[in-house]
Amino acid sequence: MASPAPHSLEQEQQPPQKLQIYSTSNTGVSSFWKEKYERDAKKYWDIFYKKHQDKFFKDRHYLDKEWGQYFSGADSKVLLEVGCGAGNTIFPLVATYPDIYVHACDFSPRAVNLVKAHKDFNEAQFNAFACDLTIDDLSKEISPSSVDIVTMIFILSAVSPEKMHLILQNVKKVLKPNSYVLFRDYAVGDLAQERFTCKDQKISENFYARGDGTRAYYFSNDFLTTLFKDNGFDLEEISVCCKQVENRSREIVMNRRWIQAVFRLSGTSNSSFSNNAEIKDDLPNQNNVEVKGNIQNKTLNNVEVDMSEGLAAEMFGISPSHDSEVLEVKVKDMIFKINVLSKEYQHTCKSTGLMLWESARMMAALLADNPTLVKGKKVLELGCGCAGICSMVAATSANLIVATDGDGKALELLLQNVTSNLTPPSLAKLIVNRLEWGNREDILAIKELNHGGFDVIIGTDVTYVSEAISPLFASAKELMASNYNGEDEKPALILCHVLRRVDEPYILSSASQFGFNLIDKWPSGNPVNSPHIISSWFPENAYENIPSSALNIMYFQMQ
């Protein structure tokens, strides 16, 4: 919803400091969300695979080129794929090495079901099972000391760094002597990490939450080698790989960085790698990767990158189609199709205006049932967000409706929703305009649209931040009509909300400072001698259809 920019509109008051609801500071996620991401990690990955099925990641055909020597040989190999996902690693490998036996486990039961549903799955060659390797004993599913190769492909990054050692200790139980761990994952400096740092999605050092609740850790050489060494593995080879990926249609180039390594159980290594040797960390603009150990230098010009359309969208900052959803909202005899942010992305989104709030549904219903509230009047909506259903309903009766918000993304989506749902003459009466509460330039721009001020000002769930309350009432005072005919035509400010961080006494105190009187409120505790205006808006038995019992309505007029 609206993002107040707090220049005071009272000339006698000292201007407060600049306020932004959509913070750009790098404060990271709160303790509540850190705990929730950890607690619900399995749920988030299950939702991921429910939505994307096996369409998100590309099959990893490059593994034969990168690590073919580990899979080939006279004896058939037993493979453990940690974090098998939908099978993008194991099925290409079995197609190339048909004698391999595969144990495949994943945190998400839904991912395991996708593996079992694959056309090439057969129980004689695959053992697929759900397993949380930070808790569940792997040796209960796989015989101890029976696995030749473990693959960890973009999986360890999804685990809290504090728990990574638990996975390595668990995996050690089932490894044979002379067995290998083949590792590929995100590297520090990847463009996705740089983007996360600008979004307040940091959980801890190099660890971030994605918009869908899944998490990603970005590895450095030192952290990775120390992690494996402390858990009984020797480093065979390591490299930080860099690849430029281009989106030609948008003329965007990005640098992907990933770390690739091979580890072996301690005491069995005969590699030429030296612990004192330099580990090459290639700069982002380099195309060659030097690999220490027995493998020679390689070029990345033709290297495949684990890049799906969804990953590319996340990296480039382009909103993929799955970020949004269309809601069908019925208000009396009107049906609106509203584009909003998908629910699974709302919990980490900084813009509260990219979703449809229950207070907006309620206010839209009241306006539809009581068109005389706005009929023939000039109406302003504060912080309407992307949906704009209150403004669109009001446009059917009002002479003029100006729908405003302080967030650019919400305004873009709002304009799309308005133009796709309204037709003339209602469309011609509705204007979408930017308004940061308290911003003098925005205030003047709104006044240019309507010199006489507004007869009705509405706001739904615009009272959720205490610092925003004073700019909210200050802006409403500036934009409210001052000329009217009698008490019956007196302009009104109507707020509908759920009381969250800001309590009612603070709202009323701030309103009074800017000359607003509370005339009526709903559902209970009406002021003394209240005219019971709001309760008259509800048709008989309407209380049964109220979306939330926590909703409140306040009806203000100027003193």
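What you are looking at is a predicted structure, and each value in this text was computed from that prediction instead of being measured.

Within the chain, the secondary structure is distributed over 17 helices and 21 strands. The buried share of the chain, reckoned over its 559 residues, is 56%. Taking the contacts inside the chain whose residues are at least 6 apart along the sequence as the reference set, 72% of them involve residues at least 24 apart.

Where helix α16 (residues 466-479) contacts helix α17 (residues 504-513), the axes come no closer than 9 Å and their chain directions differ by 30°. Judged by the inter-axis angle, α16 sits roughly parallel to α17. In the packing of α16 onto α17, the handedness of the crossing is right-handed. Each of Ser466, Ile469, Ser470 and Phe473 in α16 lies in contact with α17, whose residues at this interface are Tyr506, Ile507, Ser510 and Ala511. Taken together, the residues of the contact of α16 with α17 break down into five nonpolar, three polar and no charged.

This part is about the pattern of salt bridges. Counted under the stated rule, the structure contains 16 salt bridges. Its salt-bridge partner being Asp40, residue Lys36 comes within 2.9 Å of it at the nearest N-O pair. Of the two residues, Lys36 and Asp40, neither departs from the other in class, the shared state being buried. In the salt-bridge network here, residues are joined through shared partners; they are Lys36, Arg39, Asp40 and Lys43.

Of the residues making up helix α3 (residues 63-71), those classed as buried are Leu63, Glu66, Trp67, Gly68, Tyr70 and Phe71. Gly73, located one to two residues past α3, shows a positive phi value of around 140°.

Overall, the coordinates contain 26 aromatic pairs when judged by the stated rule. Ring pairs connect the aromatic residues Phe183, Phe207, Tyr217, Phe219, Phe223, Phe228, Phe233 and Phe263, which therefore count as one cluster. Above the face of the Tyr44 ring, Lys43 is positioned so that its terminal group lies 5.5 Å from the ring centre.

Turning our attention to the confidence of the model for the chain. Overall, the predicted model of the chain reaches an average pLDDT of 80, with 77% of residues at or above 70. For residues 268-302, every residue scores under 50 in pLDDT, and the model assigns this stretch 72 contacts once sequence neighbours within four places are set aside. Overall, residues 307-322 carries pLDDT values under 50, and its contacts beyond four positions in sequence, including any with other chains, amount to 39 contacts.

A separate point is the nonpolar core. One finds Phe336, Leu367, Ile389, Ile494 and Ile553 to be the most contacted residues of the largest nonpolar core, which totals 52 residues. Not counting chain neighbours up to four residues away, the residues in contact with Ile494 comprise Met363, Val456, Ile457, Ile458, Gly459, Trp537, Ile553, Met554 and Tyr555. Membership of the second largest hydrophobic core comes to 43 residues, among which are Val78, Val171, Leu175 and Ile238.

Attention now moves to the sheet that holds strand β7 (residues 207-209). On the basis of which strands lie adjacent, the open sheet formed by three strands has the order β6-β7-β8 and antiparallel pairing. The open sheet is flanked by β6 (202-204) and β8 (215-217), the only strands paired with a single partner. Going from strand to strand, the sheet's axes swing by 30° on average, the running direction of each strand aside. Bridging between β7 and β8 involves three bridges; their strand directions are antiparallel. In the sheet register, Ala209 faces β8, and the bridge partner there is Arg215.

This paragraph deals with the side chain of Asn421. When you line up the elements, Asn421 lands in helix α13 (residues 408-421). The contact partners of Asn421, leaving out residues within four places of it in the chain, are Ile335, Phe336, Lys337, Ile338 and Met392.

Further remarks concern the environment of Ile446. Positionally, Ile446 belongs in helix α15 (residues 440-449). Classification of Ile446 as buried rests on a relative accessible area of 0%. Along the chain, Ile446 and Leu435 lie eleven residues apart, while their C-alpha atoms are 7.8 Å from each other.

Moving on to the pairing of strand β21 (residues 551-558). Burial runs high along β21: seven of the eight residues are buried. In terms of strand pairing, strand β19 (residues 492-498) meets β21 through six bridges, oriented antiparallel. Directly across from Cys496, in β21, lies its bridge partner Ile553. Examined bridge by bridge, strand β20 (residues 516-522) and β21 share six bridges and lie antiparallel to one another.

We now examine the packing of helix α2 (residues 41-52) against helix α5 (residues 109-117). In contact at an axis separation of 7 Å, α2 and α5 are set at 40° when each is read in the N-to-C sense. Contact residues: Lys42, Asp46, Tyr49 and Lys50 in α2; Pro109, Arg110, Ala111 and Leu114 in α5. A class-by-class count of the residues in the contact of α2 with α5 yields four nonpolar, no polar and four charged.

Turning to the sheet that holds β20, a few remarks are in order. As summarised here, the arrangement of the seven strands in space is β17-β16-β15-β18-β19-β21-β20, forming an open sheet in which the pairing is mixed. Where the open sheet ends on each side, the last strands, each with one partner, are β17 (430-434) and β20. Recorded for the sheet is a direction-independent mean angle of 20° between the axes of neighbouring strands. Sheet contacts for α15: β15 (378-382), β16 (400-405) and β17; angle to β17, the most-contacted strand, approximately 165°.

Counting buried positions along strand β4 (residues 147-153) gives seven out of seven residues, so the element sits mostly inside the fold. Sheet topology places strand β1 (residues 78-82) next to β4; three bridges connect them, and they run parallel. Across the sheet, Leu80 pairs through a bridge with Val150, a residue of β4. Two elements, β4 and strand β5 (residues 175-186), share six bridges in a ladder whose sense is parallel. Across the sheet, the residue bridging to Ile149 is Tyr180, located in β5. A crossover connection joins β4 to the parallel β5 through helix α6 (residues 164-172); in handedness this β-α-β unit is right-handed.

About the thresholds
- Residues numbered from 1 in each chain as written.
- Predicted model: local features only at pLDDT ≥ 70, side-chain atom pairs only at ≥ 80, totals over all residues.
- Heavy atoms only, no water.
- Helix = DSSP H or I, 4+ residues; strand = E, 2+ residues; numbered from the N terminus.
- Buried < 20%, exposed > 50% of the residue type's maximum accessible area, 1.4 Å probe, protein only.
- Contact = heavy atoms within 4.5 Å.
- Axes fitted to C-alpha atoms, helices over the stretch in contact; angles between N-to-C directions.
- Parallel < 35°, antiparallel > 145°, perpendicular 65-115°, else oblique.
- Left-handed = near helix turned anticlockwise from the far one by under 90°.
- Nonpolar A, V, L, I, M, F, W, Y, C, P; charged D, E, K, R; others polar.
- Salt bridge = Lys/Arg side-chain N within 4 Å of Asp/Glu carboxyl O.
- Phe/Tyr/Trp six-rings, centres within 6.5 Å; stacked < 30°, edge-to-face > 60°.
- Lys NZ or Arg CZ within 6 Å of the ring centre and 35° of its normal.
- pLDDT = per-residue confidence, 0-100.
- Core = buried A, V, L, I, M, F, W, Y, C linked by side-chain atoms within 4.5 Å.
- Pairing = 2+ DSSP bridges.
- Right-handed = clockwise from strand over helix to strand, strands pointing away.

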